[in-house]
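# Inside the fold
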Amino acid sequence: MSHFFRINRLYLSVLIRRSKLFFFYRLMLIGLSVVSALATMYFPKFFFDAITEKKNFMIALEILILYLIYTIINVTIANAFQVQIDIINDDVRYDMKQIVMERAYKMPFDQFDDPECYDKIQRAVEFVESGSYQSIDNIAGILSDVLSLAAVFYVLSQLNLWVILFLAIAMATEYIVNLLRDREVFNTKKRLTRLRRQINYFFQIMVRRECLKDLRLNTALSFISDKFDKNYKQSRRETVRLNSKILFLRVPTRITDAIFTGGLYGFLGWDLFKGVITMGSFTMLLSAATNVKSLILTIQAGISQLRQSTMEAHNFYDIFDEQKKDEDSSKLNPDDWNNRPVTIQFNHVTFTYPGQTHPVIDDLSFLIEEAQKAVFVGENGAGKSTIIKLMLGLYPPDSGHIFINGMDIQELDKEALYSIFSVVFQDHSEFSFSIAENILMDYETADKESLVKQALDIVGLAPRIESCPLKEKTPLTRELADDGIDLSGGERQKLAIARAYIKKSRLLIMDEPSSSLDVFSEEELFQHLRYLSRQQTTILITHRVLALKGFDRILYVEKGRIAEDGTHEELLANQGLYYDMYMSQASMYQQVTEK
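A brief report on the enclosed structure follows. (Residues numbered from 1 in each chain as written. Predicted model: local features only at pLDDT ≥ 70, side-chain atom pairs only at ≥ 80, totals over all residues. Heavy atoms only, no water.)

## Re the overall build of the protein
Let me state the cut-off plainly: Numbering of helices and strands runs from the N terminus, with a helix taken as a DSSP run of H or I at least four residues long and a strand as a DSSP run of E at least two residues long. The rule is simple: take the accessible area with a 1.4 Å probe, protein chains only, and divide by the maximum for that residue type; under 20% is buried, over 50% is exposed, in between is partly exposed. Throughout, a contact is declared for two residues whenever any of their heavy atoms are within 4.5 Å. Note on areas: Shrake-Rupley with a 1.4 Å probe; residue coverage comes only from the protein chains shown.
Helices and strands together make up the secondary structure of the protein, namely 18 helices and 10 strands. Counting only residues that meet the buried cut, the protein has 45% of its 595 residues in that class. By sequence separation, contacts in the protein at least 24 residues apart represent 74% of the contacts at least 6 residues apart. Accessible area for the protein stands at about 31,500 Å²; split by element, carbon and sulfur atoms hold 58% of it.

Structure follows, in structure tokens:
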């Protein structure tokens, strides 16, 4: 229940910020609904009594015209208010979805190794789309129905006690069935989250351009379709099971509803036959009893939806709770990062990825001094990229400590930590924004255009971008823009390097920056890198060692540990693991050039 109040406090704060007229519109709708309930109940009585008792059709016609005019006015005004409410709800739904997006952005990175993390985000999005705003709507609906019920409640005193008893039994049965149904629906929706995500994933890869090449060349249509079909059938079985259970639960309500309807018509018909009530009173009492039943059912449905909102509010706050694991107001937030030299120290660090049993990093220790140019080399899977992820604070170590300028990164505010890094990841991302936006992202500077052009020139992309009609404003990819362009693998890597250059942080990290470049482009890149990073601490991750001459330090990583440490010349002289890797790559390069 605490989550329910938290989500509604959050929703109300967003709602009030969007529009203070929302509650006025709601109150007007409630008033119109109550008046409509009374008009619907009394109209048949006055209309039929004018015909059967007063024998005056003109009076009945006047009553009919007045009722029709009122109905048109009521519906028109109600629709106008509802349109405004729907617009406000759309705005609030957008704001709430943005909150989910921001919360997901701040979740601990290691949580994304767990599929349950994606399930939580998906459930939070589903709640925002269909549940967050409905709580207020349900409360307003319940209030409107309660007032309407109170307005016609006195009419119930004119009904036979047996009819009232049948109504009470029918409503109690409906409530119990709703309670059982709500629990089933909530549990089934939770089980279906993963399946629906998988179904959506299979569909998305079949329509995404970057996936189609591999899928078509490997004739994967049947393979993906089978997976899609298998997950759909499993999802369908869950849905059929739920609907069957609900259908079974509905049997008692159908029986009690039939008993109530039969008793109502039977007792009112008997009173009409005996002359105890007029035809107008018969229709009024019939309408009142039916309305009372309908209002009670609507109230119960509103309570049922509120109950579901209460349960599903946990889905929204799951991602808040995950984020709080990564937030701590007591963490350090140094304000002089950009004016201090950067040193990095690993002190007996061990780390194992979630779900694995063997450590990727095993009792690792090293120190990288201020402005030093260090390179981590080694075979694939040795743990080089993992060292970077630990250094960035994306994962916490299982044991040991990582220090930046003598401060443990686990004690540092994450935003402050990220501010000192410029990083080019091995699996870097490009986005369907303009070239300039891909480079700058959120970076603020007085002269963005000249800075972007400088970055493009430094990484060697300027000629390619200048040839485009929109130049640096050219959209990347054609996914969202008709005039977008596609870059080659090497060009995309250069774009990622330009993004890192723009940030001008005190620590530059590049994970396999030359993996998509040829040998000559690699040598040119490293020359630029040594020049641009002369005032920065620089860390390079690579398994290509032919162009590493001139770096201050090379650390050879094997099985999560530093196996060799020294300069290029020193490691070659030692004729160890680095020497073997260098000679092997040199021999392969020589064979290629001779051919």
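Still more ground to cover, so stick around.
## With respect to the environment of Phe23
Following the sequence through the fold, Phe23 ends up in helix α2 (residues 22-52). Considered as a pair, Phe23 and Ile85 are 62 residues apart in the sequence and their alpha carbons are 9.1 Å apart. Those residues in contact with Phe23, other than ones at most four positions away along the chain, are Leu12, Leu15 and Ile16.

## Topic: the sheet that holds strand β1 (residues 344-351)
Paired through backbone hydrogen bonds, the strands of a sheet run either parallel or antiparallel to each other. Basically, it comes down to this: Only strands that DSSP links by at least two bridges are regarded as paired with each other.
Pairing is antiparallel in the open sheet, where 4 strands are placed in the order β2-β1-β4-β5. The two strands at the open ends of the sheet, each matched to only one other strand, are β2 (361-368) and β5 (407-408).

## Points about unusual backbone geometry
We note that His348 has phi near 55 degrees; this positive angle belongs to a residue other than glycine. Overall, the relative accessible area of 45% leaves His348 in the partly exposed class. Even without glycine at this site, Lys471 takes up a positive phi of about 55 degrees. The class for Lys471 is partly exposed, based on a relative accessible area of 33%.

## Regarding the nonpolar core
We count it as follows: For the purposes of this section, nonpolar cores are sets of buried Ala, Val, Leu, Ile, Met, Phe, Trp, Tyr and Cys residues that join through side-chain atoms within 4.5 Å.
Val377, Ile435, Ile439, Leu456, Leu548 and Tyr578 are the most contacted members of the largest nonpolar core, which has 39 residues in total. In terms of residue count, helix α15 (residues 489-503) provides more of this core than any other element does, 7 residues in total. Leaving out residues up to four positions away in the same chain, Leu456 has contacts with Ile435, Ile439, Leu461, Ala462, Ile465 and Glu472. One finds Val342, Phe366, Leu390 and Leu507 within the second-largest nonpolar core, a separate group that totals 35 residues.

## Some remarks on a nonpolar patch on the surface
Let me state the cut-off plainly: Within the patch definition used here, like charges are joined within 9 Å and nonpolar side chains (Val, Leu, Ile, Met, Phe, Trp, Tyr) within 5 Å, considering only residues with over 30% relative accessible area and no salt bridge. When a carboxyl oxygen of Asp or Glu lies within 4 Å of a side-chain nitrogen of Lys or Arg, that pair is called a salt bridge.
On the surface, a nonpolar cluster with roughly 690 Å² of combined accessible area is contributed by Ile51, Phe57, Met58, Leu61, Ile65, Ile69, Ile73 and Ile77. In terms of residue count, helix α3 (residues 57-106) provides more of the nonpolar patch than any other element does, 7 residues in total. By the element assignment, Ile77 lies in helix α3.

## Examining the packing of aromatic side chains
Each pair of aromatic rings is reported with the distance of its centres and the angle of its planes. As a reminder, the rule being used: In this analysis, rings of Phe, Tyr and Trp, with Trp reduced to its six-membered ring, are considered paired at centre separations within 6.5 Å, and the interplanar angle assigns stacked below 30 degrees, edge-to-face beyond 60, and tilted for intermediate values.
For the coordinates displayed, the defined rule picks out 16 aromatic pairs. Aromatic pair Trp270 and Phe273: ring centres 5.9 Å apart, planes at 35 degrees, arrangement tilted. Highlighted residues: Trp270 and Phe273, both in helix α8 (residues 221-274), separated by 3 residues, approximately one helical turn. The burial state of Trp270 is the same as that of Phe273; both residues are exposed. Considering the side-chain rings of Phe351 and Tyr353, the 4.9 Å spacing of their centres and the 80 degrees angle between planes classify their relative orientation as edge-to-face. Accessibility expressed as a relative area gives 15% for Tyr353, which makes it buried.

## A look at the side chain of Asn231
Here Asn231 is to be found in helix α8. Setting aside residues up to four positions removed in sequence, Asn231 forms contacts with Leu195, Gln198, Ile199 and Phe202.

## Topic: the pattern of salt bridges
Within this structure, the stated rule accounts for 13 salt bridges. Linking Arg18 and Asp95 is a salt bridge whose minimum nitrogen-to-oxygen distance equals 2.7 Å. With a gap of 77 residues between them, Arg18 in helix α1 (residues 2-18) and Asp95 in helix α3 connect regions that are remote in the sequence. Take Arg18: its relative accessible area is 39%, and that puts it in the partly exposed class. Among the ionic pairs, Lys245 bridges to Glu184, the shortest N-O distance being 3.1 Å. Residue Lys245 is found in helix α8, and its partner Glu184 is found in helix α6 (residues 161-207); the two are separated by 61 residues along the sequence.

## So, the packing of helix α13 (residues 448-459) against α15
Defined as follows: Structural elements are reduced to axes, namely lines fitted to C-alpha atoms, with helices fitted over the stretch in contact, and the angle between N-to-C directions of any two is expressed from 0 to 180 degrees. For classification, angles of less than 35 degrees are called roughly parallel, those exceeding 145 degrees roughly antiparallel, those between 65 and 115 degrees roughly perpendicular, and all remaining angles oblique. Take the far helix as your reference; a near helix turned counterclockwise from it by less than a right angle gives a left-handed crossing, and one turned clockwise gives a right-handed crossing. Residues are sorted three ways: Asp, Glu, Lys and Arg are charged, Ala, Val, Leu, Ile, Met, Phe, Trp, Tyr, Cys and Pro are nonpolar, and all the rest, Gly among them, are polar.
Relative orientation of the contacting elements α13 and α15 amounts to 130 degrees, with a least axis distance of 9 Å. As far as their axial angle goes, α15 and α13 are oblique. Between α13 and α15 lies a crossing of right-handed hand. Between α13 and α15, the residues in contact are Leu451, Val452, Gln454, Ala455, Ile458 and Val459 and Lys494, Ile497, Ala498, Tyr501 and Ile502, respectively. Grouping the amino acids of the contact of α13 with α15 by side-chain chemistry returns 9 nonpolar, 1 polar and 1 charged.

## As for α3
The periodicity of an α-helix, 3.6 residues per turn, causes residues three or four positions apart to be oriented the same way. Operational definition: In a helix, the anticipated span is given by 1.5 Å times the number of residues less one. Polar contact is the term for a pair of N or O atoms within 3.5 Å; when the atoms are in protein, one must be able to donate a hydrogen and the other to accept it, and sequence-neighboring residues count only if both atoms are side-chain atoms.
Taking 1.5 Å as the rise per residue, α3 with 50 residues should run 74 Å; its terminal C-alpha atoms sit 72 Å apart, in good agreement. The N-cap residue of α3 is Asn56: its side-chain oxygen and the backbone nitrogen of Met58 are 3.0 Å apart.

## Description of the sheet that holds strand β3 (residues 373-377)
Here 6 strands make up an open sheet; going across it, the order is β6-β7-β8-β3-β9-β10 and the pairing mixed. Taken across any chain shown, the strands that pair with only one partner, and hence form the sheet edges, are β6 (421-424) and β10 (561-566). In this sheet, neighbouring strand axes are inclined to one another by 15 degrees on average, regardless of whether the strands run parallel or antiparallel. Packing against the sheet, helix α10 (residues 384-391) makes contact with β3, β6, β7 (507-511), β8 (537-541) and β9 (553-558), and its axis sits at approximately 145 degrees to β8. Lying on the sheet, α15 is in contact with β6 and β7; it crosses β6 at an angle near 175 degrees.

## Remarks on α13
Taking 1.5 Å of rise per residue, the 12 residues of α13 would be expected to cover 16 Å, and the 17 Å separating its terminal C-alpha atoms lies within 8% of that figure. With its phi angle positive at about 85 degrees, Gly460 sits one or two positions after the end of α13.

Everything listed here is a matter of geometry and, on its own, says nothing about what the molecule does.
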